[in-house]
Amino acid sequence: MSTATTAPPIPAAPAAPLPSFAGGRNPIGAHVPVAARGLAGTGLAYARRVGAETVQVFVANPRGWATPAGNPAQDEEFRTACAEQALPAYVHAPYLINFGSDNPATRERSADSLRHSLLRGHAIGALGVVLHTGSAVGSAPGGGSRRAEAMAQVRADVRPLLDELDALGEDAPWLLLEPTAGQGSSLCARMEDLAEYVAALDGHPKVGVCLDTCHAFAAGHDLAEPGGVREALDALVAAAGPGRLRLIHANDSEDVVGARKDRHANIGAGRIGAEPFRELFEHPATAGVPLVVETPDRKHGGDGTGHALDITALKELRARAAVPA
């Protein structure tokens, strides 16, 4: 059950075009590796190999605090290639970021890390930067929840970064809030939790949502039940506001609904199953929204075969989706 408090109505995101794509209603792709030969040399080659129509990348160690400078030549090559190929690109911010922490050093590092991801995202032409919404680490005086204090920290720390985002201009990436699977003292796991989170950021016009299907299922939204996908997406729009869903992480789940465990499975091989992903394409809120798989690939050899199979499966489901012309 959500612990979110009642928040004021969230304004709709301003009308902003989603990626144009000649092949269908939703570009489908994967999180791609960039080690060895970088964003263009490794990332784009992997995208071609798995049949990706959109990509997501890390621009820093996802489990560290380092903020490495980019390679201008690689950045330009990647940005140009994505534009020429109409390949929407996204950045995933490091996992350590948590503005709900009771440790001031963690909050400071979180701000530096997110700023780095936003600036690097802008440099490579990314449309959005995905941020895990964090948790209320620690306990309040008397042993109670720190949720209220943690949400105040989100506002204090992230709102200034959004002002910096504004200064980058109209082509600045969106900040995409990704609700978590509900582990620990999560600040945002259920769809309704998004209302308080977006309100804390004043409904900023560049604040969007990245929906992870595995996270939503783990948090208790039963996407496998008839009508479950529609109910979850309706709840997302009601909480975050129309126009804010900008990216979907399409992942099946190893665990049962409500398990609060973030364990991804290949499409159709988990507890969600394949058909709910077809229903995902049919909801009005997903029109034009790219899908990125973050599914296990190592069990298929770690060479992209698993991602290629999942992308193919989603493309087949997209083709069967009952979408109004």
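Before reading further, recall that the structure is shown in the block above.
Chemist: What should I look at first to understand the overall build of the protein in this one?
Modeler: Each helix and strand counted, the protein has nine helices and ten strands in total. Here the C-alpha radius of gyration of the protein, 18 Å, is about what a compact globule of 325 residues would show, namely 20 Å. Counting only C-alpha atoms and orienting by the principal axes, one finds that the protein spans roughly 55 × 50 × 40 Å. Burial status across the protein gives 54% buried among its 325 residues. Across the protein, every contact between residues at least 6 apart in sequence was considered, and the portion connecting residues at least 24 apart equals 79%. Roughly 13,300 Å² of accessible area belongs to the protein as shown, and the carbon and sulfur atoms make up 54% of that amount. In the protein, which carries 29 positive and 37 negative side-chain charges, the distance between the mean positions of the two groups comes to 2 Å.

Chemist: Is there a simple way to think about the packing of aromatic side chains in this case?
Modeler: Any pair of aromatic rings gets described here by the distance separating the centres and the angle formed by the planes. Counted under the stated rule, the structure contains one aromatic pair. Centroid distance F58 to Y95: 5.7 Å. Interplanar angle 85 degrees. Geometry classified as edge-to-face. Of this pair, F58 sits in the loop between β2 (55-57) and α2 (72-84) while Y95 sits in the loop between β3 (89-92) and α3 (104-123), and the two are 37 residues apart along the sequence. Accessibility expressed as a relative area gives 17% for F58, which makes it buried. The cationic tip of R246 hangs over the ring face of W174; the distance from NZ or CZ to the ring centre is 4.1 Å.

Chemist: Can you help me understand the sheet that holds β3 in this one?
Modeler: Strand pairs in the sheet, formed through backbone hydrogen bonds, run parallel or antiparallel to each other. Read around the closed barrel, eight strands run β1-β2-β3-β4-β5-β6-β7-β10, paired in parallel fashion. Averaged over all pairs of adjacent strands, the angle between strand axes in this sheet comes to 30 degrees, irrespective of strand direction. When β2 meets β3, the two strands line up parallel, connected through three bridges. From the neighbouring strand, Q56 faces β3, where its bridge partner is Y90. Packed onto the sheet, α3 meets β3, β4 (128-132) and β5 (174-178) and runs at close to 160 degrees relative to β4.

Chemist: Sorry if this is basic, but what is going on with the environment of A240 here?
Modeler: Among the secondary structure elements, A240 is positioned in helix α7 (residues 228-240). Expressed as a C-alpha distance, the spacing of A240 and V198, which sit 42 residues apart in the sequence, is 6.4 Å. With residues near it in sequence (within four places) discarded, A240 still touches I10, P11, L194, V198 and V209.

Chemist: Please clarify how the pattern of salt bridges should be interpreted in this entry.
Modeler: Two side chains bearing opposite charge may form a pair once their charged atoms approach each other closely. Tallied over the entire structure, the rule returns 17 salt bridges. Note that D163 and R159 form a salt bridge whose closest N and O atoms lie 2.9 Å from each other. Pair noted here: D163 and R159 are both in helix α4 (residues 147-167), with a separation of four residues, about one helical turn. Given a relative accessible area of 43%, D163 falls into the partly exposed group. Counted as one network, the salt bridges with shared partners bring together R155, R159, D163 and D202.

Chemist: Hey, could you run me through α4 in this one?
Modeler: Given 3.6 residues to a turn, an α-helix orients residues that are three or four positions apart in the same direction. With 21 residues, α4 extends 30 Å from end C-alpha to end C-alpha; this agrees with the ideal 30 Å at 1.5 Å per step. The largest bend in α4 is about 30 degrees, located at V158, with the proline P160 one to four residues further on. Considering only its buried residues, α4 is in contact with α3, β5, α5 (193-200) and β6 (207-212). Positive phi appears at G169, one or two residues downstream of α4, with a value of about 105 degrees.

Chemist: What is the right way to look at empty space enclosed by the protein in this model?
Modeler: Rolling a probe over the atoms, with the probe sized like a water molecule, indicates the empty space that remains. Counted according to the given criterion, the structure contains one cavity of 30 Å³ or more. The computed volume of the largest cavity comes to approximately 40 Å³. As for the largest cavity, its lining consists of T213, L223, V229, I272, P276, F277 and L280. Sort the elements by how many residues they give to the lining of the largest cavity and helix α8 (residues 275-282) lands first, with three residues. Residues that form the lining of the largest cavity fall into these classes: six nonpolar, one polar and no charged.

Chemist: Would you mind showing me how to read α2 here?
Modeler: Over its 13 residues, α2 runs 18 Å from end to end, which matches the ideal 18 Å to within 8%, given 1.5 Å per residue. Three or more residues of α2 are buried, namely Q74, D75, F78, A81 and C82. On an axial view of α2, the arc spanned by its buried residues comes to 140 degrees, and they lie on one face. Set apart from the buried face of α2 by more than 90 degrees, the exposed residues are P72, A73, A83 and E84. Looking at the buried side of α2, the elements it contacts are α1 (38-50), β2, β3 and α3. Its side-chain oxygen 3.0 Å from the backbone nitrogen of A73, N71 forms the N-cap of α2.

About the thresholds
Residues numbered from 1 in each chain as written. Predicted model: local features only at pLDDT ≥ 70, side-chain atom pairs only at ≥ 80, totals over all residues. Heavy atoms only, no water. Helix = DSSP H or I, 4+ residues; strand = E, 2+ residues; numbered from the N terminus. Rg over C-alpha atoms; globule rule 2.2 N^0.38 Å. Buried < 20%, exposed > 50% of the residue type's maximum accessible area, 1.4 Å probe, protein only. Contact = heavy atoms within 4.5 Å. Areas by Shrake-Rupley, 256 points an atom, 1.4 Å probe, with all protein chains shown as cover. Lys, Arg positive; Asp, Glu negative; His and termini not counted. Charge placed at Lys NZ, Arg CZ, Asp CG, Glu CD. Phe/Tyr/Trp six-rings, centres within 6.5 Å; stacked < 30°, edge-to-face > 60°. Lys NZ or Arg CZ within 6 Å of the ring centre and 35° of its normal. Pairing = 2+ DSSP bridges. Axes fitted to C-alpha atoms, helices over the stretch in contact; angles between N-to-C directions. Salt bridge = Lys/Arg side-chain N within 4 Å of Asp/Glu carboxyl O. Expected span 1.5 Å × (residues − 1). Bend = angle between axes of the 7 residues up to and from the residue. 1 Å grid on protein atoms, 1.4 Å probe; cavity = no way out; pocket = protein on both sides within 12 Å on 5 of 7 lines; lining within 4 Å. Points joined across faces, edges and corners; volume = space filled by probe spheres on them. Nonpolar A, V, L, I, M, F, W, Y, C, P; charged D, E, K, R; others polar. Arc of directions from axis to C-beta. Polar contact = N/O pair within 3.5 Å; in protein donor to acceptor, adjacent residues only side chain to side chain.

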